[in-house]
Amino acid sequence: MSNLEKAILCMVDVFEQYATKDDKKHQLSSAELADLMNKELAGPEFKGKVDTDVIDEAISKLDKNHDGETNFREFSMFLATLARGYYRATKKGKGNKGKPAKPE
Ligand SMILES: [Ca+2]
């Protein structure tokens, strides 16, 4: 399997791993999301590169339909925002780190 295919499968697997911990199997509750963030998005290799503003922005956009739960659609957009933040931090150097993500 290609790296990109693996990445897509990983996104789905991680979502399911955390979303199925309570009765709502297709939604991440705030507790499940906090657990996911603490265990899956706290490594120094990632956190050191992506500006906390980008992470905060991604979290604030998470619950698009304001039902207190994160569905896969919302989760995938959250990951896209983080991926963009990581890309910008890696490709454009420190000078651009503090700026919010803009459409490209
Ligand atoms: Ca759930």
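See the structure printed just above.
Remember, it's a predicted structure, so these values are computed and weren't measured experimentally. (Residues numbered from 1 in each chain as written. Predicted model: local features only at pLDDT ≥ 70, side-chain atom pairs only at ≥ 80, totals over all residues.)

1. Regarding the overall build of the protein
Regarding its fold elements, the protein presents 5 helices and 0 strands. Written out in order from the N terminus, the α and β elements of the protein read α-α-α-α-α. Burial analysis of the protein (104 residues in total) assigns 15% to the buried set. Relative to all contacts within the protein whose residues are 6 or more apart in sequence, the contacts with residues 24 or more apart total 56%. (Helix = DSSP H or I, 4+ residues; strand = E, 2+ residues; numbered from the N terminus. Buried ≥ 20, exposed ≤ 12 C-beta atoms within 10 Å, placed from the backbone. Contact = placed C-beta atoms within 7 Å.)

2. Notes on the nonpolar core
Membership of the largest hydrophobic core is limited to 10 residues, which are Phe-15, Tyr-18, Ala-19, Leu-28, Leu-33, Val-50, Val-54, Ala-58, Phe-75 and Phe-78. Considering each element in turn, this core owes the most residues, 3 residues, to helix α1 (residues 3-19). (Core = buried A, V, L, I, M, F, W, Y, C linked by C-beta atoms within 7 Å.)

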